[in-house]
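Examining the three-dimensional arrangement
What follows is each chain in one-letter form.
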Amino acid sequence: DIIKQIRHLNPKPGLAFDHQPVPVFPPDLIALRGPEGWTVELNRATSPTITVREDRLADGSADATARAERRKALAEARALAQALERRGDTLLRTAAVLVARQSAFLDKGPAHLVPLTLDDVASELGLHASTISRAVSGRMIQTQTRALPLRAFFSRAVSTQGGGEAVSRDSALDFVQRTVGGEDPRNPLSDDAIVTLAEHAGLRIARRTVAKYRSTLGLASSYERRRA
């Protein structure tokens, strides 16, 4: 009875107030897979450009005040054009680092994300982490299969067992979800068993990490998952 009632509910009640389609914004960058790896370029269709006209005033056509105002306006226009160029350059350089570091993620999916932070990218580019944060905020990149937010390329490292090589949070989450999803429901895997399987797969994650991510994914304990 409850399921029947739920099926009669409207899953999108907001449509009653706004029927306008959600606008689709073009990506800011384009990533291409070539024979030598991934390359990145700016989507010029979305990049604002400014052209500064350096026309000179005819001699005697304006007084000193007008000429001073013109010089000021030209300086501001040049500064704006340079700022846009720097912003585009920072965005492109940042995206190039993200794609280079996370090429396996682009090729094989979230399970192959490696730990990467704003500080890592900032250190490689010689910039401040806040600059990188502003550069990637709200930015999208088009790959051969889908568009991704640049934020998707960042992933925190998780606790490893025995001081092993750091793995990303996304990689660990994906492994736990796939492992539990493929287990025998009559003999579900314990957290210790998942740790052992992860180690065989090259992921050295701690038992507490498995328990934490299992909870994050909404997966019950092995006892509660057991089916007769």
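We now turn to the structure provided with this report.

With that settled, consider the overall build of the protein chain. Of the regular secondary structure elements, the protein chain holds nine helices and four strands. N-terminal to C-terminal, the α/β element order of the protein chain is α-β-β-α-α-α-α-β-β-α-α-α-α. Referenced to the eigenvectors of the C-alpha coordinate spread, the extents of the protein chain come out at roughly 95 × 50 × 35 Å. Burial status across the protein chain gives 29% buried among its 228 residues. Counted over contacts in the protein chain with a minimum sequence separation of 6, partners at least 24 positions apart contribute 59%. Accessible surface, the protein chain as shown: approximately 15300 Å² in total, 52% of it carbon and sulfur. Measuring between centres, the 33 positive side-chain charges of the protein chain sit 3 Å from its 26 negative side-chain charges.

Let us now look at the packing of aromatic side chains. Counted under the stated rule, the structure contains one aromatic pair. Centre to centre, the rings of Phe105 and Phe153 are 5.4 Å apart; their planes meet at 90 degrees, and the pair counts as edge-to-face. Separated by 48 residues along the polypeptide, Phe105 in helix α3 (residues 103-108) and Phe153 in the loop between β4 (147-149) and α6 (169-181) bring together distant segments of the chain.

Moving on, we come to the pattern of salt bridges. Opposite charge on two side chains permits pairing when their charged atoms draw close. Following the criterion strictly, the structure yields eight salt bridges and no others. For the salt bridge of Asp191 with Arg214, the shortest nitrogen-to-oxygen distance reads 3.0 Å. Taken as a pair, Asp191 in helix α7 (residues 191-200) and Arg214 in helix α8 (residues 207-216) lie far apart in primary sequence, 23 residues in all. A residue is classified by how much of its surface remains accessible, and Asp191, at 9% relative accessible area, is buried.

The end-to-end C-alpha distance of α6 is 18 Å, a good match for the 18 Å that 13 residues give at a rise of 1.5 Å each. Taken together, the buried positions of α6 are occupied by Ser171, Ala172, Leu173, Asp174, Phe175, Val176, Thr179 and Val180. Those residues of α6 that are buried are in contact with α7, α8 and α9 (222-225).

Moving on, we come to the sheet that holds strand β2 (residues 37-42). Here we have four strands laid out as an open sheet, ordered β2-β1-β3-β4, and mixed in their pairing. With one partner strand each, in any of the chains shown, β2 and β4 form the two edges of the open sheet. When strand polarity is set aside, the average angle formed by the axes of neighbouring strands in this sheet is 30 degrees. Across three bridges, strand β3 (residues 140-142) lies against β4 in antiparallel orientation. By the bridge assignment for β4, Gln142 is matched with Ala147. Each of β1 (29-34), β2 and β3 touches helix α2 (residues 64-101); the most contacted strand, β2, lies at about 165 degrees to it.

This brings us to the packing of α6 against α8. At a minimum axis separation of 10 Å, α6 and α8 run at an interaxial angle of 75 degrees. Taken as axis vectors, α6 and α8 run roughly perpendicular relative to one another. Contact with α6, carried on its side by Arg169, Ala172, Leu173 and Val176, involves Val210, Tyr213, Arg214 and Thr216 of α8 and no other residues of that element. Residues of the contact of α6 with α8, tallied by class, amount to five nonpolar, one polar and two charged.

Cut-offs applied
- Residues numbered from 1 in each chain as written.
- Predicted model: local features only at pLDDT ≥ 70, side-chain atom pairs only at ≥ 80, totals over all residues.
- Heavy atoms only, no water.
- Helix = DSSP H or I, 4+ residues; strand = E, 2+ residues; numbered from the N terminus.
- Buried < 20%, exposed > 50% of the residue type's maximum accessible area, 1.4 Å probe, protein only.
- Contact = heavy atoms within 4.5 Å.
- Areas by Shrake-Rupley, 256 points an atom, 1.4 Å probe, with all protein chains shown as cover.
- Lys, Arg positive; Asp, Glu negative; His and termini not counted.
- Charge placed at Lys NZ, Arg CZ, Asp CG, Glu CD.
- Phe/Tyr/Trp six-rings, centres within 6.5 Å; stacked < 30°, edge-to-face > 60°.
- Salt bridge = Lys/Arg side-chain N within 4 Å of Asp/Glu carboxyl O.
- Expected span 1.5 Å × (residues − 1).
- Pairing = 2+ DSSP bridges.
- Axes fitted to C-alpha atoms, helices over the stretch in contact; angles between N-to-C directions.
- Parallel < 35°, antiparallel > 145°, perpendicular 65-115°, else oblique.
- Nonpolar A, V, L, I, M, F, W, Y, C, P; charged D, E, K, R; others polar.

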